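Read off the chains here:
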Amino acid sequence: MKSQDIRKAYLQFFESKGHLIVPSAPIVLKDDPTLMFNNSGMAQFKEFFLGNGTPKNPRIADTQKCLRVSGKHNDLEDVGFDTYHHTMFEMLGNWSFGDYFKKEALDWAWEFLTEVLKLDKDRLYVSVFEGNPSENVPFDQDAFDIWKQYVSEDRIILGNKKDNFWEMGDQGPCGPCSEIHIDLRSNEERAKVLGRDLVNADHPQVVEIWNNVFMEFNRKADGSLEKLPAQHVDTGMGFERLCMAMQNVTSNYDTDVFTPLIAKIEEITGLKYTSNEVKNISEEQNKTNIAIRVVVDHVRAVAFAIADGQLPSNTGAGYVIRRILRRAIRYGFTFLDTNEPFINKLVAVLANQMGEFFPEIKSQEQLVTNVIREEEASFLRTLEQGLQLLDKVVAETNGKEVSGAKAFELYDTFGFPIDLTALILREKGYSFNETEFELELQKQKARSRAASEVSTEDWNVIIPGNVETFVGYDQTENDVKITRIRKVASKKDGVLYQIVLDNTPFYPEGGGQVGDKGTLVSANESIEIIDTKKENNLILHFAKQLPENVTANFVAQVNTDLRSSTSKNHSATHLMHLALRNILGTHVEQKGSLVNPNYLRFDFSHFSKVSDEELRKVENSVNAQIEAQLQLVEHRNIPIKEALDKGAMALFGEKYGDSVRMIEFGDSKELCGGIHVKNSAEIWHFKIISEGAVAAGIRRIEAITGDAVKEYYTAQENTLAEIKGVLKNPQDVLKSVATLQDDNAKLKKQLEQLVKEKIEGLKNTLVTELKDINGIQFLAKQVDLSMSATKDLAQAIGTAKPNAFVFLASIEDNTPNIHCYIAKELVTEKGLNAGTVIRELGKYIDGNGGGQPFFASGKGKNVSGIAAVLENVVNFIK
């Protein structure tokens, strides 16, 4: 049974059981500050488990893209070494929100596996929670009794809290779970050892395929459990593992989920992958197999993350994606002998394979390919640089053990993988101090943890059962009551309080727009709101202090100056998006944005730099739309199909409901939840400040509107006035600057001629100072020249006589620089190396450098070290 058919069968089965089939949510989470990525099927439904929202159907099923590479669920280092862990995987899931419970969930799971898919019942084992008296959670008798209808008691395993009690995180909904495991070993192996003895023992062929979680409890901040008001079912089945069971193989990588990607790598590299059925393979073949598994797994994770809008970067979720991709590149570089970008060539295979169920990978194929190719090329250059740095570290090492601190610097500062460092050092007969490296690594992790650690208390519910309402599209001020509060502490922000209101005019951060600021005012006090965010469908107002009386009546007041400036920038972003598509082409799509009171930032797909002429056209187009006084047309709750039929732009990587908000300004039509001006004329004027590259195929424009444009032009006028003053207030400023440039060019030529003459004169003088030492014409001298002139002088002196060894030092801008020329015959006959000389002597000036054996240069920080440098040069020829 092919993977596409297995997926279809699952969704059709649960649709027949009254479930609404919904599409996968994006793999990158944008509205949940507790998670970077969707790491389980239930992540997109957290608000329903928490009671902060109502699902459109109490029964839902889907297949969800998941990524587990950070935090509590982290499988990254296992990937490639075994045959069943993945970074990105699909989770088939069915949910009940206060509807059915254990009996239906387990009955249907058994029915689907054994009657629809016809898996061998004798190979299946189930587990139930054994209970935890310390938390007053009993043995799951209900699940045990249900399973007894289908399997003998010896196939029901009692699991502890680690294996059979599922928790969303340190706090939140949780409950006992019942897993289904399958034994895929041969009959001979099954006869020797019972499958039940290998459940949850990390055996590659005895694996969990389905987990049925029964959400009954809420974990509080103090660790205690309380009953949830409703009982929910959250199930998840590993799609790749199910395919392994259905296709009669013993490795996920031998299923048709991965074999097309593996075949492409074999074609590119000329290497062969051996299936899990082949035994007793060589160590070399095992390394090849691991590397290929790493690459085919990681390309899926990276490609889908980019398609969902997360570009590789140096921070946050972008850093995680970059790290996954770099791990794949490194394995290809080391074990598949790939010195050129190749992973990007797998994207087309992936798009053809998964485009039917996940259309985003097909529509974003070119962008994903370009971004991965550029990242590969960049990291391969980093690897090359790292190899040179490692050679330098080895050259400076006394003995055969490299400092762990140096190895960590290569890893942390330059991104050079530590296992590659170990491999290369081993080949050279060296090692590194692993204890010292680990100490540095733990220090870094401790710093990172301390910076990001957040302590969150439980909610203090003041008004239970209230449904919060956002009224900010129509109002910036209204009467409110506080419904719940909680305290949050972190090293970064200190102690803050999160306040939820019964209705609020404050816009929460989202869709690129920053959250509103303002005040909560009662009869007796005023509390400053410093930010507004959304979490699990709750709008959180952040304050540094709580009101003395949280039950008082308040007036919520948005800072309208900041709101107005932000709305101008947001509406201008829509107008610019339309202008870019009209001027550059309809391939332009939004790939990220930031809208705040000061400026707007817009990332978009485009294959080349936007020319100055094109930028002027974009500016003119936006300003024409502003001058046209376009009225805002807002559709609050329009069916998404109707909005798309009207021509609304939907952004990839965003999660949309059945009903959406659509914003129109003339021909500009977008799905958007943000705050906008009522008429484009309010924007006043639009000015592009900068344009540049973010990644391959992604450009970024920063622009300003309104008062910021006025301030910009005022600053330009002031600068022009200052220039006029410096130029003695000429009538024609441009002509005056042009004259100045001409004069400067003439002076520069004259100076260059004078320097040449000075170098020639110094050369003739210093050639006479060459001393014969052991048959070598030697000179070590400090001169009063620029760095480039000193370099030219060293070469001029060196070529004037045979067997020359010339070493010159100089100071430019209080920075010492050194240069070494060694005649080629001395390099060949005596093994002298200018690069080695510069690296060794560079220590005296706190510097470094390098070059070729016959000529090298360097510079440093310590001017006073020049004397020691000149004193020690002669040691290289004695």
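Predicted, not measured: the structure shown is a model, and the values here were computed from it.

### As for the environment of Leu 228
Move 1: Note that Leu 228 resides in strand 11 (residues 225-238).
Move 2: Its relative accessible area of 13% is what places Leu 228 among the buried residues.
Move 3: Measuring from C-alpha to C-alpha, the distance between Leu 228 and Tyr 331 comes to 47 Å, with 103 residues separating the pair along the chain.
Move 4: Dropping the residues within four chain positions of it, Leu 228 is found in contact with Phe 49, Pro 173, Met 215, Glu 216, Phe 217 and Asn 218.

### Let's talk about the environment of Ala 245
Move 1: Relative to the helices and strands, Ala 245 is located in helix 7 (residues 239-246).
Move 2: Using a relative accessible area of 7% as the deciding quantity, one classes Ala 245 as buried.
Move 3: Separated by 36 residues in sequence, Ala 245 and Ile 209 have C-alpha atoms that sit 9.0 Å apart.
Move 4: When residues no more than four places from it in sequence are discounted, the contact partners of Ala 245 are Leu 119, Ile 182 and Leu 184.

### Some thoughts on the pattern of salt bridges
Move 1: Enumeration over the complete set of coordinates arrives at 44 salt bridges.
Move 2: With a closest N to O distance of 4.0 Å, Glu 153 and Lys 148 form a salt bridge.
Move 3: Using a relative accessible area of 48% as the deciding quantity, one classes Glu 153 as partly exposed.
Move 4: Residue classification places Lys 148 among the partly exposed positions, given a relative accessible area of 39%.

### Considerations on the nonpolar core
Move 1: Grouped together as the largest cluster of nonpolar side chains are 119 residues, with contacts concentrated most on Phe 112, Leu 113, Trp 210, Leu 242 and Ile 343.
Move 2: Here this core takes 14 residues from helix 9 (residues 283-307), the largest share from any one element.
Move 3: Among all residues touching Leu 113, those that are not within four sequence positions of it are Lys 118, Leu 119, Ile 180, Ile 209, Trp 210, Met 237 and Leu 242.
Move 4: Counting residues in each nonpolar core, the second largest holds 38 residues, with Leu 770, Ile 818, Tyr 821 and Val 873 among its members.

### Quick notes on the sheet that holds strand 29 (residues 659-665)
Move 1: Pairing is antiparallel in the open sheet, where three strands are placed in the order 28-29-30. A strand with exactly one partner marks an edge of an open sheet, and here the two such strands are strand 28 (633-639) and strand 30 (668-671). The average angle at which neighbouring strand axes cross in this sheet is 25 degrees, direction not considered.
Move 2: In terms of strand pairing, strand 28 meets strand 29 through five bridges, oriented antiparallel. The residue bridging Glu 634 from the neighbouring strand is Ile 663, located in strand 29.
Move 3: Contacts from helix 17 (residues 560-584) reach strand 29 and strand 30, with the element oriented near 115 degrees to strand 30.

### Considerations on empty space enclosed by the protein
Move 1: Throughout the structure, instances matching the rule amount to one cavity of 30 Å³ or more.
Move 2: Its boundaries defined by the atoms lining it, the largest cavity holds a volume of some 60 Å³.
Move 3: Listed by contribution, the elements that provide at least two residues to the lining of the largest cavity are helix 1 (3-16) and helix 11 (347-354).
Move 4: At three residues, the largest contribution of residues to the lining of the largest cavity is made by helix 1.
Move 5: Tallied by class, the residues present in the lining of the largest cavity amount to three nonpolar, three polar and two charged.

### Comments concerning the packing of aromatic side chains
Move 1: This model, assessed by the stated rule, comprises 28 aromatic pairs.
Move 2: Aromatic side chains Tyr 411 and Phe 437 sit 5.8 Å apart centroid to centroid with 70 degrees between the ring planes, which places their arrangement in the edge-to-face category. Pair noted here: Tyr 411 is in helix 14 (residues 404-414) and Phe 437 is in helix 16 (residues 434-452), with a separation of 26 residues, a long-range link.
Move 3: Taking the relative accessible area as the measure of exposure, Phe 437 reaches 6% and is therefore buried.
Move 4: Note on Phe 470 and Tyr 473: the rings are 5.0 Å apart at their centroids and 90 degrees apart in plane angle, and the pair reads as edge-to-face.

### Observations concerning helix 9
Move 1: The end-to-end C-alpha distance of helix 9, which contains 25 residues, comes to 36 Å, matching closely the 36 Å that a straight helix rising 1.5 Å per residue would cover.
Move 2: In terms of burial, helix 9 is largely enclosed, as 21 of its 25 residues are buried.
Move 3: At the exit of helix 9 stands Gly 309, carrying a positive phi of roughly 105 degrees.

### Some thoughts on the sheet that holds strand 32 (residues 698-705)
Move 1: In spatial order, the strands read 26-27-32-31; together these four strands make up an open sheet with antiparallel pairing. Strands with a single pairing partner mark the edges of an open sheet, and in this sheet they are strand 26 (590-595) and strand 31 (686-695). Sheet twist, expressed as the average angle between the axes of neighbouring strands with direction ignored, equals 15 degrees.
Move 2: As paired elements, strand 31 and strand 32 share eight bridges and run antiparallel to each other. By the bridge assignment for strand 32, Phe 686 is matched with Thr 705.
Move 3: Most of the contacts of helix 17 go to strand 27 (residues 600-605), to which it runs at about 25 degrees, and overall it touches strand 26, strand 27, strand 31 and strand 32.
Move 4: Seen against the sheet, helix 18 (residues 612-627) touches strand 31 and strand 32 and runs at an angle of roughly 135 degrees to strand 31.

### So, the packing of helix 9 against helix 13 (residues 365-395)
Move 1: The contact between helix 9 and helix 13 brings their axes to 9 Å, and the two run at 120 degrees. Judged by the inter-axis angle, helix 9 sits oblique to helix 13. The two elements helix 9 and helix 13 cross, and the hand of that crossing is right-handed. Side by side, helix 9 and helix 13 meet where Val 299, Val 302, Ala 303, Ile 306 and Ala 307 of the first sit next to Val 368, Val 371 and Ile 372 of the second.

### Examining unusual backbone geometry
Move 1: Residue Asn 729 is not a glycine yet carries a positive backbone phi of 50 degrees.
Move 2: Here Asn 729 shows up in the loop between helix 20 (706-726) and helix 21 (733-767).
Move 3: By relative accessible area, Asn 729 is classed as exposed at 56%.
Move 4: Residue Asp 813 is not a glycine yet carries a positive backbone phi of 55 degrees.

### With respect to the pairing of strand 22 (residues 526-529)
Move 1: Residues of strand 22 alternate between two faces, with Ile 527 and Ile 529 buried on one and Ser 526 and Glu 528 left unburied on the opposite face.
Move 2: In this sheet, strand 22 lies alongside strand 21 (residues 518-521) in antiparallel orientation, the contact comprising four bridges. Bridge pairing in strand 22 places Gly 518 opposite Ile 529.
Move 3: Here strand 21 folds back onto strand 22, and the loop between the two strands holds four residues.

### A short note on the side chain of Thr 87
Move 1: Tracing the backbone shows Thr 87 in the loop between strand 4 (73-74) and strand 5 (88-97).
Move 2: Take Thr 87: its relative accessible area is 0%, and that puts it in the buried class.
Move 3: Separated by 2.4 Å, the side chains of Thr 87 and Asp 297 make a polar contact.

### Some words on the pairing of strand 30
Move 1: Here strand 29 runs beside strand 30; their pairing, made up of four bridges, is antiparallel. Within strand 30, the position partnered with Met 662 by the bridge is Leu 671.
Move 2: From the end of strand 29 to the start of strand 30, which pair antiparallel, there are two residues, and Gly 666 there has a positive phi angle of about 60 degrees.

What counts, and where the lines are drawn
- Residues numbered from 1 in each chain as written.
- Predicted model: local features only at pLDDT ≥ 70, side-chain atom pairs only at ≥ 80, totals over all residues.
- Heavy atoms only, no water.
- Helix = DSSP H or I, 4+ residues; strand = E, 2+ residues; numbered from the N terminus.
- Buried < 20%, exposed > 50% of the residue type's maximum accessible area, 1.4 Å probe, protein only.
- Contact = heavy atoms within 4.5 Å.
- Salt bridge = Lys/Arg side-chain N within 4 Å of Asp/Glu carboxyl O.
- Core = buried A, V, L, I, M, F, W, Y, C linked by side-chain atoms within 4.5 Å.
- Pairing = 2+ DSSP bridges.
- Axes fitted to C-alpha atoms, helices over the stretch in contact; angles between N-to-C directions.
- 1 Å grid on protein atoms, 1.4 Å probe; cavity = no way out; pocket = protein on both sides within 12 Å on 5 of 7 lines; lining within 4 Å.
- Points joined across faces, edges and corners; volume = space filled by probe spheres on them.
- Nonpolar A, V, L, I, M, F, W, Y, C, P; charged D, E, K, R; others polar.
- Phe/Tyr/Trp six-rings, centres within 6.5 Å; stacked < 30°, edge-to-face > 60°.
- Expected span 1.5 Å × (residues − 1).
- Parallel < 35°, antiparallel > 145°, perpendicular 65-115°, else oblique.
- Left-handed = near helix turned anticlockwise from the far one by under 90°.
- Polar contact = N/O pair within 3.5 Å; in protein donor to acceptor, adjacent residues only side chain to side chain.

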